[in-house]
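Inside the fold
For reference, the chains in residue letters:
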Amino acid sequence: MKKIVLLLLLCISTKGFAQNTLEINGKRDFSIGEIVTVHSEILQEERALNIYLPKGYNDSGDKKYPVIYLLDGSLEEDIIHIAGLVQFCSFSWINIIPESIVVGISNIDRKRDFTFPTKNKQDKADFPTAGGSDKFIKFIERELQPTIIENYRVSETSTIIGQSLGGLLTTEVLLTRPSLFTNYIIISPSLWWDDESLLTRPIQELKLPGSVYVGVGKEGEIMERTAKGLFEKILKYSSTEKIHFNSFEKQTHGDALHLAVYDAFEKIFNKNQN
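None of these values were measured; they are calculated from a predicted model.

For the rest of this paragraph, the subject is the overall build of the protein chain. Across its full length, the protein chain holds nine helices and eight strands. By principal-axis analysis of the C-alpha atoms, the protein chain measures approximately 85 × 50 × 40 Å. Looking at the protein chain residue by residue over its 274 residues, the buried ones come to 49%. Across the protein chain, contacts joining residues at least 24 apart in sequence account for 74% of those joining residues at least 6 apart. Accessible surface for the protein chain amounts to roughly 15,000 Å². Of this, 53% is attributable to carbon and sulfur atoms. Taking the average place of the 31 positive charges on the side chains of the protein chain and the average place of its 36 negative ones, the gap between the two points comes to 4 Å.

Following this line, the structure appears as structure tokens:
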């Protein structure tokens, strides 16, 4: 008797499930932008760019858009969720940032590209290909930015986002070529590199065209101290008061980026359309 009841219930459940199953009538690709490959003479290699374009970009005439350059911009890294955050923050009912183009720079060897030469023996052992940041910054300045300006309708407002080793590179750009970007978003920067030498590197007044944001999670004494030290260094030498810092006590090195970028957008753009 129990077996009959169980079989009956199974037949009813299966039949009901089949009746509520949707029929797939067709499939098509889902896309949020373009994948562009460029050849770099400076790096002597092909580099892939994942580019998010705002809705209506192709139908907006001669309208120009701010551009956000994202380090660690590979498909399996940060481009998808940062592009989604940019879309969300630019919705008219949210209105935190203006509609923006996002250029995600895919990695080939981030340990090479995001680090400058180090004297620390352990750094050299752990990162045998390190030390190529100068070339990578030249690639950004002389090849990448001109390519984006030539092929997309971008305004004069540009922002760079870097986290971890990407934050180290973003800091190096800020301290050595501050006019390269309008705004700098630096999250959990790996300033321990080369015995924290970037924090003690002599600099003159930082003539910044826009804002700087530094964020860090609960990441240990070195990461937290150096991030705060960078903020204080920028405050000391900067020509602008648009310097922001936040510490995220509930986030770690692995999950601080998304929340920190949202906070940076709120503080940097302050709902002012560029």
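Locating Ser 197 in the fold gives a position in helix α7 (residues 193–200). Ser 197 gets classed as buried once you look at its relative accessible area, which sits at 19%.

Once that is clear, we can look at the packing of helix α2 (residues 79–89) against helix α9 (residues 256–269). Closest axis-to-axis distance for the α2/α9 pair is 11 Å, and the angle between their directions is 30 degrees. With respect to their mutual orientation, α2 and α9 come out roughly parallel. At the point where α2 passes α9, the crossing takes the right-handed sense. Contacts between α2 and α9 involve His 81, Ile 82, Leu 85, Val 86, Phe 88 and Cys 89 on the former and, on the latter, Leu 257, His 258, Val 261, Tyr 262 and Phe 265. Class assignment for the residues of the contact of α2 with α9 results in nine nonpolar, two polar and no charged.

Under the criterion given, the structure shown has 12 aromatic pairs. Here Phe 114 and Phe 136 contribute two aromatic rings whose centre-to-centre distance is 5.7 Å and whose plane-to-plane angle is 65 degrees, an arrangement assigned as edge-to-face. In this pair, Phe 114 sits in the loop between α3 (110–113) and α4 (121–126) while Phe 136 sits in helix α5 (residues 133–151), placing the two residues 22 residues apart along the sequence. Among the residues examined, Phe 114 registers a relative accessible area of 1% and is labelled buried. An aromatic cluster is defined as three or more aromatic residues linked by ring pairs; in this entry it consists of Tyr 69, Phe 181 and Tyr 184.

Next up on the list: the sheet that holds strand β4 (residues 101–105). With respect to topology, eight strands assemble into an open sheet ordered β1-β2-β4-β3-β5-β6-β7-β8, the strand pairing being mixed. Edge positions in the sheet fall to β1 (33–40) and β8 (243–248), since each has one partner strand and no second. Averaged over all neighbouring strand pairs, the angle between strand axes comes to 20 degrees, with direction disregarded. Of the strands in this sheet, β2 (45–52), β3 (65–70), β4 and β5 (154–163) touch α2, which is tilted by about 35 degrees from β2.

With that settled, the discussion passes to the pattern of salt bridges. A side chain of one charge can pair with a side chain of the opposite charge when the charged atoms of the two come close. Counting across every chain of the model gives 13 salt bridges. The closest approach of N and O atoms between Glu 249 and Lys 218, which form a salt bridge, is 3.3 Å. Here Lys 218 lies in the loop between β7 (212–217) and α8 (221–237) and Glu 249 lies in the loop between β8 and α9, a separation of 31 residues in the sequence. Since its relative accessible area comes to 47%, Lys 218 is described here as partly exposed. Several salt bridges converge on common partners, so that one network encompasses Glu 45, Arg 47, Arg 112 and Asp 113.

What follows is about the pairing of β7. For β7, a buried count of six out of six residues is recorded, marking the element as mostly surrounded by other parts of the structure. Going residue by residue along β7, you find Val 212, Val 214 and Val 216 tucked away on one face and Tyr 213, Gly 215 and Gly 217 tucked away on the opposite face as well. Alignment of strand β6 (residues 183–187) against β7, held across four bridges, turns out to be parallel. Bridge pairing in β7 links Ile 186 to Val 214. Assessed by its sense of winding, the connection that carries the chain from β6 through α7 to β7 is right-handed. Assessed by its sense of winding, the connection that carries the chain from β7 through α8 to β8 is right-handed.

Attention now moves to the nonpolar core. Ile 101, Val 103, Phe 136, Leu 144, Ile 148, Val 212 and Ile 234 are the most contacted members of the largest nonpolar core, which totals 50 residues. For Ile 148, the contacting residues outside a window of four places in its chain are Leu 49, Ile 51, Val 67, Tyr 69, Val 103 and Val 154.

This brings us to the pairing of β6. Burial analysis of β6 places five of its five residues in the buried class, the great majority of the element. In β6, alternate side chains face the same way, and those of Asn 183, Ile 185 and Ile 187 on one face and Tyr 184 and Ile 186 on the other are all buried. On the question of chirality, the crossover connecting β5 to the parallel β6 by way of helix α6 (residues 165–176) is right-handed.

Definitions and cut-offs
- Residues numbered from 1 in each chain as written.
- Predicted model: local features only at pLDDT ≥ 70, side-chain atom pairs only at ≥ 80, totals over all residues.
- Heavy atoms only, no water.
- Helix = DSSP H or I, 4+ residues; strand = E, 2+ residues; numbered from the N terminus.
- Buried < 20%, exposed > 50% of the residue type's maximum accessible area, 1.4 Å probe, protein only.
- Contact = heavy atoms within 4.5 Å.
- Areas by Shrake-Rupley, 256 points an atom, 1.4 Å probe, with all protein chains shown as cover.
- Lys, Arg positive; Asp, Glu negative; His and termini not counted.
- Charge placed at Lys NZ, Arg CZ, Asp CG, Glu CD.
- Axes fitted to C-alpha atoms, helices over the stretch in contact; angles between N-to-C directions.
- Parallel < 35°, antiparallel > 145°, perpendicular 65-115°, else oblique.
- Left-handed = near helix turned anticlockwise from the far one by under 90°.
- Nonpolar A, V, L, I, M, F, W, Y, C, P; charged D, E, K, R; others polar.
- Phe/Tyr/Trp six-rings, centres within 6.5 Å; stacked < 30°, edge-to-face > 60°.
- Pairing = 2+ DSSP bridges.
- Salt bridge = Lys/Arg side-chain N within 4 Å of Asp/Glu carboxyl O.
- Right-handed = clockwise from strand over helix to strand, strands pointing away.
- Core = buried A, V, L, I, M, F, W, Y, C linked by side-chain atoms within 4.5 Å.

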